[in-house]
Structure formats: structure tokens, C-alpha cells
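Residue-level structural notes
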Amino acid sequence: MTMINTKYSKLFLAQILAGMIATTSVSAFAQEDKSTLDLDQYQEIEELKKRLAKIEKKAKKNVTAKWKGAPVIKNSKGSEMKIRGRLHFDTWTTNGSNDSDANITGTEIRRARMGIEGKMNGDIKYKFELDFAGGNVKYKDAYIAYTGWEDQTIYAGLKKSDWSMQNITSSRYSDMIEQPLIVNGLAPDEGSRTVGLLYTKYGKNWHWSGQVGGDGPINDGEMNDTTRIVTRAHYAPILSDDKVVHLGAWGYKENYGDNRETRLKERLGNHFNDLIRIKSGKLENSNSGTAYGVEAAGIWGPFSVAAEYMTKSFEDDASIDPTMSGYYLTASYFLTGETKAYKGKTGTFSRTKPNSSITKGGIGAWQVVARVDRADFNDNALPGGEADTYTLGLNWWPTAYTRVMLNYVNFDLTGSQNDDGDHIGLRVAVDW
């Protein structure tokens, strides 16, 4: 679709006048024999036709829009803008817990995001997004980026830290409704996003990134920021349209601005149920944390696997220095023949496009998934819990931007807490 900027209103007028003149002249020419026109009249008509063609060509280069989940507006100088967002509606039920109060059923708006992203003159990117889920407005990404250098980008502002393949892959493309419990459990103390600088260098099948940041977007100004250093790298020795082998590693170090009480706790595969959690022991005066992990993934046509192992150690004044660790393994298969999308420049999974969207009379994309994950928050010096979850899922993409997800989660919690049971969850999602 083509739209004309108000700056070019004179161009519109010239186009209309030229079109009227050309139409009238050509109509007259059609009614008369060419031989009845003199040479000057004929040349004038031809000149008007050429001018009209140039006007139309210039107008098409001005401002255009294409559809990519939502309209993406572009101009001829390399600037563009898109309104972006996502809605995730979840419902969950829990059964079998030893705590009868924890066998609950309910619904929630898991994500309700709205924002904008775009480019300015080709080399400057920007993104700003808020999440309205849960009744509180939360900042998500809010950054500007320079992309003018070849195969490298630098970001400034609030940006998701590049650690863990699963963490950095968008929730729009995740296999399961919720992340593996170890990914959320071992996240930085101030969350996955930080205000700072992030630099990334990349090629077709590899990347390396480094980030230095502080706290999130809001600080009450009464204590020092946490400082965070993050790095991640990946390499895909095999990368084609339907075959991928991915290898990666990452690490981060966070220094708390002031000693703080630290305790890990994470929901077991069900964000709605806050009563069933794995917890570590409590550190009274923790001053820093260090985490690292390794990751691997493979795609062979409709089949894919992904796995990560990660660990996090804390330093505290009492020299307890506990270590927490865990892993996950996910496997998936597209019953309708699609191949899971992968970005070689970032080492992340991307959007699946159905072979036959329901908007074109098809059945969409159907995927079966299974995941095993384990978290060990129990250290000899700091007793805590250990948890295993086993998740089965069925995903349906009616279109590339809509999805329905069904998950069954079996959990087993031991250590300082003992519990087991099942969650069943359903998500309806759309993004643009």
C-alpha cells in the first residue's frame, strides 16, 4: 500500500492535474485520427505522459507501508516505525499438592504489552515497550541503538541481558507457556533487564556480546545501583534452512551496591500458582553473585532439541558462598511439517510460520513438545529445595502471529520442602 506524506501535497496536485490533462488529451486522441493532430500537439501529449510516469515513480518512493503483524511505515530515507505489542491470556489448574490450599484454579493476563520500534535514517534503531499485566505498568525494553558499523551494534538504555539461549528467546516464540524453572530461578537479582550499554558483534552463524549495566529503570535514590557485567557467545557449525547445530556459552557477574538479604524462589511451571515454589535458604548479607552456563540446540526438519546447564554462586560476609544449579532438556516436533525458525546472528529461536495458515484455508501449524528440567537450590552450607518438572505440550499456530498452547506439568519437590502434583495450563496468545 502507498501513502503520500503531507510534505508532498504539491506533488499530489501536480499528479492530479497532469492526470486530468493526459486523460483529456488521450481521450481526444482516441476519438480523432492521429493524422488530424499537428506535430506540436502530439509531442505535448507524449511529454505529459512521461511527466506523469516520473511523478508516479517519485510518489511510490516517498512513504510506504507493509504488513508485518502490524503496519510498518517506511520512507525513502531509511526511517521506519511499527507499533508492537503482545497479549497472553492464561488459565491454570493445580491438583494433587500436599497442601490442599495450593490446589487452585484461576486465570490471568500474563502479558499485555504495547510499544513502538523503528529506525531513524537507517543507522539509529529504537524501541520502547510497556507491560500492563498484573495491574502495574512495567518498563520492558527502552533503548536506542547504533547499527552503522558493519556486523556490529551498540545499544544504550534498558535492554534484556544476553544470557541463556532460553532467556533471550522471546516469549512470543517459546515452546512452553513458562520458562524452565532454572532460567527464571537463576536470573540476575535485579531481573533480566538492566540499564546500561550492550555491544554485539555477529556474523551469519555466530555472535558475541558484552554488556555493562546497573539496576532497572526505577531507583529510589537511597542506595547504590547493582552493577552487572554480562557476556554470551554462540557458534552454529551447521546452519541451513532445515538443519541447525547450535553451541553457546554465557556468564554474568553482579555486584550488589549494598549487602542484601538474598533468597532464590521460583514457581514450578505455573505462574498463576504462587503457593508452590522451590526455595533456597536465606543469605543474610550477600554482596555479589556469579552465574555461567552452556547451551546446545539442534534442528532437523520438523524435529528440534535444546538443552542448557547453568549454575550460580553467591558471595556473602559469612563466607557461606552457596552454589545453586540446574538444567533443562526440550524436544519438539511439528506434526504439520514446519521447521523451527532460528536466527544465526543472535543464536535464538524465532517465529514459526505455518505452511498453511487458516486465513488461507489451511489448518495452521501443530507442534508437540516435551521438557524435563531440574533445579537444585540445596547447598550443604545453606539447605534448600530441589525440584524436578516434566512438561508435555501441544501448540497450535492458526497464523504466524496467533497461538494456542496447552501444557501438562508434573512436579516433584524435595529437600527443605516436600510436595508433588500436577498443573494444567492453557494460553491464547497474539502479537503484532
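Observations concerning the side chain of Gln211
Tracing the backbone through its elements, the reader meets Gln211 in strand S10 (residues 206-213). A polar side-chain atom of Gln211 sits 2.7 Å from a polar atom in the side chain of Ser161. Not counting chain neighbours up to four residues away, the residues in contact with Gln211 comprise Lys159, Lys160, Ser161, Asp162, Thr194, Leu197, Leu198, Arg228, Ile229 and Val230.

Digging into unusual backbone geometry
In this structure, Asn121 is a non-glycine residue whose phi angle is positive, near 55°. Within the secondary structure, Asn121 sits in the loop between strand S5 (105-120) and strand S6 (124-131). For Asn121, a relative accessible area of 54% corresponds to the exposed category. If you check the backbone angles, Ser319 has positive phi at about 60° while not being a glycine.

Let's talk about the confidence of the model for the protein
This prediction gives the protein a mean pLDDT of 89; 90% of its residues lie at or above 70. pLDDT under 50 marks residues 1-34. Its contacts with residues more than four places away, or in other chains, come to 35 contacts.

Quick word on the nonpolar core
With 27 residues, the main nonpolar core has Trp163, Ile182, Leu268, Ile278 and Phe377 as its most contacted residues. Among the elements of the structure, helix H4 (181-185), strand S12 (243-262), strand S15 (283-300), strand S16 (303-316), strand S17 (323-334) and strand S22 (402-415) are those that each provide at least two residues to this core. The contact partners of Ile182, leaving out residues within four places of it in the chain, are Met310, Ser325, Gly326, Tyr327, Tyr328, Asp373, Arg374, Ala375 and Phe377. The next biggest cluster of nonpolar side chains, apart from the first, holds 8 residues, and it includes Met165, Val244, Ala297 and Phe349.

Examining the environment of Ala375
Looking at where Ala375 falls in the secondary structure, it is placed in strand S20 (residues 365-376). When the C-alpha atoms of Ala375 and Val183 are compared, they prove to be 9.3 Å apart, with 192 residues separating the residues in sequence. Look past the residues within four positions of Ala375 in its chain and what remains in contact with it is Leu181, Ile182, Ile278, Ser325, Gly326, Gly385, Glu386 and Ala387.

What about the packing of aromatic side chains?
Tallying each qualifying case throughout the model produces 11 aromatic pairs. When the centroid spacing of 6.3 Å and the interplanar angle of 65° are considered together, the rings of Phe128 and Tyr139 count as edge-to-face. Of this pair, Phe128 sits in strand S6 while Tyr139 sits in strand S7 (residues 138-146), and the two are 11 residues apart along the sequence. Look at Phe128 and you get partly exposed, because its relative accessible area is 36%. For Tyr139, a relative accessible area of 41% puts it in the partly exposed group. Centre to centre, the rings of Tyr199 and Trp208 are 6.0 Å apart; their planes meet at 55°, and the pair counts as tilted. Counting every residue linked through ring pairs, the aromatic cluster contains Trp163, Trp250 and Tyr252. For Lys159, the ring lying beneath its charged end belongs to Tyr155, and the centroid distance is 4.9 Å.

About the cut-offs
- Starting from 1, residues in each chain are numbered consecutively following that chain's sequence as written.
- Reporting in this predicted model follows two pLDDT cut-offs: at least 70 for local features of residues, and 80 or more for side-chain atom pairs to be given and counted; totals over whole chains, interfaces and linings ignore these cut-offs and use all residues.
- Note: side-chain values were computed over all heavy atoms of the structure, leaving out hydrogens and water.
- By definition, any uninterrupted DSSP run of H or I lasting at least four residues is a helix, any uninterrupted run of E lasting at least two residues is a strand, and each is numbered from the N terminus.
- Between N or O atoms, a polar contact is any pair within 3.5 Å; within protein, one atom must be a potential hydrogen donor and the other a potential acceptor, and residues adjacent in sequence are included only when both atoms are from side chains.
- Contact definition: two residues touch when any of their heavy atoms are within 4.5 Å.
- Summary of the burial criterion: residues with accessible area below 20% of their type's maximum are buried, those above 50% are exposed, and those between are partly exposed, where the area comes from a 1.4 Å probe applied to protein chains only.
- For every residue, the pLDDT score states the predictor's confidence, bounded by 0 at the bottom and 100 at the top.
- Definition of nonpolar core: a set of buried residues of the types Ala, Val, Leu, Ile, Met, Phe, Trp, Tyr and Cys, connected through side-chain atoms within 4.5 Å.
- For Phe, Tyr and Trp, rings pair up if their centres lie within 6.5 Å, where Trp contributes its six-membered ring, and each pair is then called stacked (planes under 30 degrees apart), edge-to-face (over 60) or tilted (otherwise).
- Here, a charge over a ring is recorded when the distance from Lys NZ or Arg CZ to the ring centre is within 6 Å and its angle to the ring normal is within 35 degrees.

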